[in-house]
Amino acid sequence: MTRYLIRPAQATLEDATLLLQAERFSLGDSDYSPEEALAALQRPEHRAYLALWGSEPAGFCSCLRIWDGLIPCLEIDMLGVVSAHRGRGLGTALIRTALNDARSEGISRARALVHVGNRASLRAFERAGMRPEGPARALHVYAIQGFAPVPYLPTGWQVEERETRREGFTPRLACALRDNAGSPLAEAEVLEVHTLAYRGFWVEALRASAPRGLHVLLRHLVERAKALRLDEVGYLAPPSEEVGFSADDLAFAGFPIVGTYDRLREAPR
Ligand SMILES: CC(C)(COP(=O)(O)OP(=O)(O)OC[C@H]1O[C@@H](n2cnc3c(N)ncnc32)[C@H](O)[C@@H]1OP(=O)(O)O)[C@@H](O)C(=O)NCCC(=O)NCCS
């Protein structure tokens, strides 16, 4: 009798093809070719898992090893089970496999985003031991349409950058914007992510003393992303009273809301 097998996906064209087949018939977010998916799988921070029914792909999960502030963490980025195989515990089992594998590599924290209203996904994450954290957040995304550089920095203003690369984790970039007097105007921390659906910056933290500084720093991130040939820059915004700027400020800078998500975390054991 055929039964399910869950295993890590290897960085091969065969497994990249199986992952994309599972993705296409479950999530449907990726228009990647197998070669593009393989390039993401080959990165040292990527961990992906396949659920197979015989030789047929039944589900998948794709994760990134990130630094969440000062803590190593697994971001469970994409999850999907082909409709004919749903409701049999495969989604939960894929998440558990990813969490167990991360623990065996010394990573005991995990996080994920679930679209508000996606009950099946929320249940699967909860059954695997993850819990929503805080109120739902709006996801703002700047979609990059072309790569020609655009001047954006007022005369005399400067952006200081510090990049951190740790073996086996997504690169992290910290940026600080200062005016001509050297006064701090805005700061951001971003992760450079290569998923199975896109390449982008995730803005992890954003602080600004005024909208002008916010807009110039966001523009800097977009220009930086264009120079790296990324597809988008995304920011999961905390409530505006926590950060001092609004959804309208972000939309003005070209970052409209594309969805509302619950952030889930696995508490340390
Ligand atoms: C989310 C998804 C991966 C779950 O996969 P699955 O193999 O069916 O998950 P499991 O069987 O482990 O658990 C699903 C849970 O959700 C419940 N569920 C399934 N469909 C549901 C629905 N439409 N509404 C509410 N709950 C639902 C199941 O009953 C189960 O909970 P229970 O154990 O309390 O009964 C799958 O539905 C899917 O691929 N959806 C489309 C893509 C997607 O949304 N991915 C997640 C992005 S974060």
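Residues numbered from 1 in each chain as written. Predicted model: local features only at pLDDT ≥ 70, side-chain atom pairs only at ≥ 80, totals over all residues. Heavy atoms only, no water.

Asks: I would appreciate a short explanation of the state of the cysteines in the present structure.
Replies: Working definition: the covalent bond between the sulfur atoms of two cysteines is a disulfide. Counted under the stated rule, the structure contains 0 disulfides. Looking at Cys 73, it has no disulfide partner, and the nearest cysteine sulfur is the one in Cys 63, 10 Å off. (Disulfide = S-S within 2.5 Å.)

Asks: How should unusual backbone geometry be read in this particular structure?
Replies: Look at Arg 229: it is not a glycine, yet its phi comes out positive at around 60°. Structurally, Arg 229 is set in the loop between α5 (211–227) and β12 (232–237). (Helix = DSSP H or I, 4+ residues; strand = E, 2+ residues; numbered from the N terminus.)

Asks: Before we go on, may I ask you to explain the domain arrangement of the protein in this structure?
Replies: Taken as a whole, the protein is organised into domain 1 (4–134) and domain 2 (140–265). Computed over C-alpha atoms, the centres of domain 1 and domain 2 are 26 Å apart. Summed over both partners, the interface of domain 1 with domain 2 buries about 3200 Å², with 56% contributed by carbon and sulfur atoms. For domain 1, the biggest contributors to the area lost against domain 2 are Tyr 32, Trp 67 and Arg 111; these three give 21% of the whole. The interface formed by domain 1 and domain 2 includes 14 residue pairs in polar contact (both at pLDDT 80 or more). For the side of domain 1 that touches domain 2, the secondary-structure elements that each account for two or more residues are α1 (13–24), α2 (34–41), β3 (56–68), β4 (71–81), β5 (110–115), α4 (119–127) and β6 (131–132). A total of 7 residues in the side of domain 1 that touches domain 2 trace back to one element, the largest contributor, which is β3. Among the residues forming the side of domain 1 that touches domain 2, the class breakdown is 23 nonpolar, 6 polar and 10 charged. (Domains from an automatic or database assignment. Buried area = accessible area lost by both parts, 1.4 Å probe. Polar contact = N/O pair within 3.5 Å; in protein donor to acceptor, adjacent residues only side chain to side chain. Nonpolar A, V, L, I, M, F, W, Y, C, P; charged D, E, K, R; others polar.)

Asks: Just to check I follow, could you spell out the nonpolar core for this structure?
Replies: Side chains that are nonpolar tend, in soluble globular proteins, to be buried together. Judged by nonpolar contacts, the single largest core of 30 residues is most densely connected at Leu 206, Leu 218, Val 233, Tyr 235, Phe 245, Leu 250 and Phe 255. It is α5 that contributes the most residues to this core, 7 residues altogether. Once residues within four sequence positions are removed from consideration, Phe 245 is found in contact with Leu 206, Ala 208, Leu 214, Tyr 235, Ser 240 and Leu 250. Counting residues in each nonpolar core, the second largest holds 27 residues, with Cys 61, Cys 63, Ala 98 and Ala 124 among its members. (Core = buried A, V, L, I, M, F, W, Y, C linked by side-chain atoms within 4.5 Å. Buried < 20%, exposed > 50% of the residue type's maximum accessible area, 1.4 Å probe, protein only. Contact = heavy atoms within 4.5 Å.)

Asks: Sorry, what's going on with the pairing of strand β10 (residues 184–194) here?
Replies: Moving residue by residue along a regular strand, the side chains alternate between the two faces of the sheet. Of all 11 residues making up β10, 8 are buried, and the element is well covered by its neighbours. Pairing of strand β9 (residues 172–178) with β10, which is carried by 7 bridges, proceeds in the antiparallel orientation. Within β10, the residue paired with Ala 176 across the bridge is Glu 187. Between β9 and β10, which pair antiparallel one after the other, the connecting turn spans 5 residues, and Gly 182 there sits at a positive phi close to 85°. (Pairing = 2+ DSSP bridges.)

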